[in-house]
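Below, each chain spelled out in residue letters.
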Amino acid sequence: MSSSAFQRGDVFWAPDPFRQHATLRLWLVLAADSLPYAGEEYICAALTTSDLPENHEIGADWIRGRDPSKTSYCSPWVVATIKHQAVANPQGEVTTAFADRMIDECTAYLDS
């Protein structure tokens, strides 16, 4: 993971624009290079520890950054554009296959 720019499948901590008081949460990068301002912003899906029916467990798809004391899930309908300058800390990376599945899930919500 580059310290200057993130790629699809990277996971980082950044503020949650949907919560008050700039709460940090984990975000999965879905798109980076294909955006008009590559390296400056990312389209991301929220990660959570909530085991809701429509969430997708990351499980063995963690490449690095997994917290073994917690189970992480992706909510592909909770999507935001995160600015590079808002990233608080990198967390790790998931497999390309998992990131691609979350892109397909996100797209399915948009195609409905």
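Computed from a predicted structure; not experimentally measured.

Caption draft 1: Highlighting the packing of aromatic side chains. Under the criterion given, the structure shown has four aromatic pairs. Seen in terms of ring centroids, Phe 6 and Tyr 42 are 5.7 Å apart; in terms of plane orientation they differ by 80°. Their pairing is edge-to-face. Of this pair, Phe 6 sits in the segment before β1 (10-15) while Tyr 42 sits in strand β3 (residues 41-48), and the two are 36 residues apart along the sequence. The same class applies to Phe 6 as to Tyr 42, namely buried. One aromatic cluster is present, formed by Phe 6, Phe 12 and Tyr 42 through successive ring pairs.

Caption draft 2: Seen up close, the sheet that holds β1. Here seven strands make up an open sheet; going across it, the order is β4-β6-β3-β2-β1-β7-β5 and the pairing antiparallel. A single partner strand is all that each edge strand has here, and the edge strands are β4 (56-57) and β5 (62-64). Across five bridges, the pairing between β1 and strand β2 (residues 24-31) is antiparallel. Looking at the pairing, Phe 12 lines up with Trp 27 of β2. On the sheet, helix α1 (residues 96-111) packs against β2, β4, β6 (73-83) and β7 (89-94) and is oriented at approximately 85° with respect to β6.

Caption draft 3: Region of the structure containing the environment of Pro 53. Secondary-structure assignment places Pro 53 in the loop between β3 and β4. Accessibility expressed as a relative area gives 77% for Pro 53, which makes it exposed. Considering only alpha carbons, one finds Pro 53 and Ser 75, 22 residues apart in sequence, at a separation of 10.0 Å.

Caption draft 4: Highlighting a nonpolar patch on the surface. A contiguous nonpolar surface patch, about 290 Å² in accessible area, is contributed by Leu 52, Trp 77 and Tyr 109. Within the secondary structure, Tyr 109 is located in helix α1.

What counts and how
- Along each chain, residue indices are assigned from 1 in the same order as the chain's sequence is written.
- Thresholds applied to this predicted model are a pLDDT of at least 70 for local features of residues and 80 or more for the giving and counting of side-chain atom pairs; totals over whole chains, interfaces and linings are not thresholded and use all residues.
- With hydrogens and water excluded, all non-hydrogen atoms of the structure serve as input to the side-chain values.
- To pair, rings of Phe, Tyr and Trp, with the six-membered ring standing in for Trp, must have centres within 6.5 Å; the planes then decide the type, stacked if under 30 degrees apart, edge-to-face if over 60, and tilted in the middle.
- Only DSSP runs of H or I with at least four residues qualify as helices, and only runs of E with at least two residues qualify as strands; both kinds are numbered from the N terminus onward.
- We call a residue buried when its accessible area falls under 20% of the maximum for its residue type, exposed when it is over 50%, and partly exposed in between, using a 1.4 Å probe and counting protein chains only.
- Whether two strands pair depends on DSSP finding at least two bridges between them.
- By the convention used here, residues are in contact when the closest approach between their heavy atoms is within 4.5 Å.
- To obtain each axis, a line is fitted to C-alpha atoms, and for helices this fit is confined to the stretch in contact; angles are then taken between N-to-C directions over 0 to 180 degrees.
- Like-charged residues are merged into a patch within 9 Å and nonpolar side chains (Val, Leu, Ile, Met, Phe, Trp, Tyr) within 5 Å, provided each residue has over 30% relative accessible area and no salt bridge.
- Per-residue and other accessible areas follow the Shrake-Rupley method at a 1.4 Å probe size, with only the shown protein chains counted as cover for residues.
- The rule for a salt bridge is simple: a side-chain nitrogen of Lys or Arg has to be within 4 Å of a carboxyl oxygen of Asp or Glu.

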